[in-house]
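Each chain is listed here by its residues.
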Amino acid sequence: AARSCWGLVAGEDLEAGTAVCAYTGDVVSRAAARAREDADHAAGRPTYILAVVEHSRDASLPAWRTVIDATDRGGVARFANHSCEPTCDVVAARARYQLLPTLSLVVVADVVKGGELTFDYAGLAAAAAADPPPAPGDVEASRTRCWCGARSCRGWLLRHRA
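Since the model is a prediction, treat every value here as computed from it, not as a measurement. Counting restarts for each chain, with residues numbered from 1 along the sequence as it is written. Local features in a predicted model are, by the rule used here, given only for residues with pLDDT of at least 70; side-chain atom pairs are given and counted only at 80 or more, and totals for whole chains, interfaces and linings are based on all residues. Values reported for side chains reflect all heavy atoms of the structure, with hydrogen atoms and water molecules removed beforehand.

**Considerations on the pairing of strand β7 (residues 102–107)**
Definition in use: The buried label goes to any residue with under 20% of its type's maximum accessible area, the exposed label to any with over 50%, and the partly exposed label to all in between, with areas taken from a 1.4 Å probe on protein chains only. Secondary structure elements are defined from DSSP: runs of H or I of at least 4 residues count as helices, runs of E of at least 2 residues count as strands, and each element is numbered from the N terminus. For two strands to pair, DSSP has to find at least two bridges joining them.
Extensive coverage of β7 is indicated by the burial of five of its six residues. Where strand β1 (residues 19–22) and β7 come together, three bridges link them in antiparallel fashion. Residue pairing in the sheet places alanine 22 in a bridge with serine 104 of β7. Across six bridges, strand β6 (residues 88–93) lies against β7 in antiparallel orientation.

Below is the structure:
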């Protein structure tokens, strides 16, 4: 990333489709995630909360939301920076009878050894990238400036509330 403190780099050449590491941490409720995010923000601490929403092929079933807080007890995936041109995506996978998914960073484009591993914190929200800037008071007014430096940088990223 163009402006970052932490980051994740490839220790070897990686091909697209390679699962790099799992996004691990505390599985928390949405309410707990909000409380933790607010406390971390007030204390000036970074937050490593990832919320993933899965949709069933059966539209009559509700979406499944998994929220992971990797702030205090997480693996290395929490240090992956955002990019508007990510090299990875977060993929949710389950083994048979597995209630909670395993969230993995999976390479979407070949990465050479030493290349940065990034993902789009907005979840590859290409449609959102085309949206005009939010008006004051809009739900999307929580957008924050993006520093990824990608050629196609949309200039902002969403500050999702879990």
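**A closer look at helix α1 (residues 30–42)**
Each α-helix winds once per 3.6 residues, and so residues spaced three or four apart point in a common direction. As a reminder, the rule being used: Helix span, as expected, comes to 1.5 Å for every residue beyond the first. This arc describes the spread of directions from the helix axis toward the C-beta atoms. Residue contacts are counted whenever heavy atoms from the two residues lie within 4.5 Å of one another.
The terminal C-alpha atoms of α1 lie 18 Å apart, and with 13 residues this matches the ideal 18 Å at 1.5 Å per residue to within 8%. The set of residues buried in α1 consists of Ala33, Glu37 and Asp40. An end-on view of α1 places all buried positions within 70° of arc, on one side of the element. Along α1, exposed side chains directed more than 90 degrees from the buried face belong to Ala31 and Ala42. Looking at the buried side of α1, the elements it contacts are β3 (49–54) and β4 (64–69).

**Points about the side chain of glutamate 54**
Summarising the element assignment, glutamate 54 is placed in strand β3. Residue classification places glutamate 54 among the buried residues on the basis of a relative accessible area of 18%. The residues contacting glutamate 54, other than those within four sequence positions of it, are Ala63, Trp64, Thr66, Ala92, Arg94 and Pro101.

**Looking at the side chain of arginine 154**
Spelled out, the test is: For this analysis, a polar contact is any N or O atom pair within 3.5 Å, provided that within protein one partner can donate a hydrogen and the other can accept it, and provided that sequence-adjacent residues contribute only side-chain to side-chain pairs.
Counting through the fold element by element, arginine 154 comes out in the loop between β9 (144–145) and β10 (156–157). Take arginine 154: its relative accessible area is 16%, and that puts it in the buried class. A distance of 2.8 Å separates the side chain of arginine 154 from the side chain of aspartate 120, its partner in a polar contact.

By themselves, these observations are geometric and do not establish any function.
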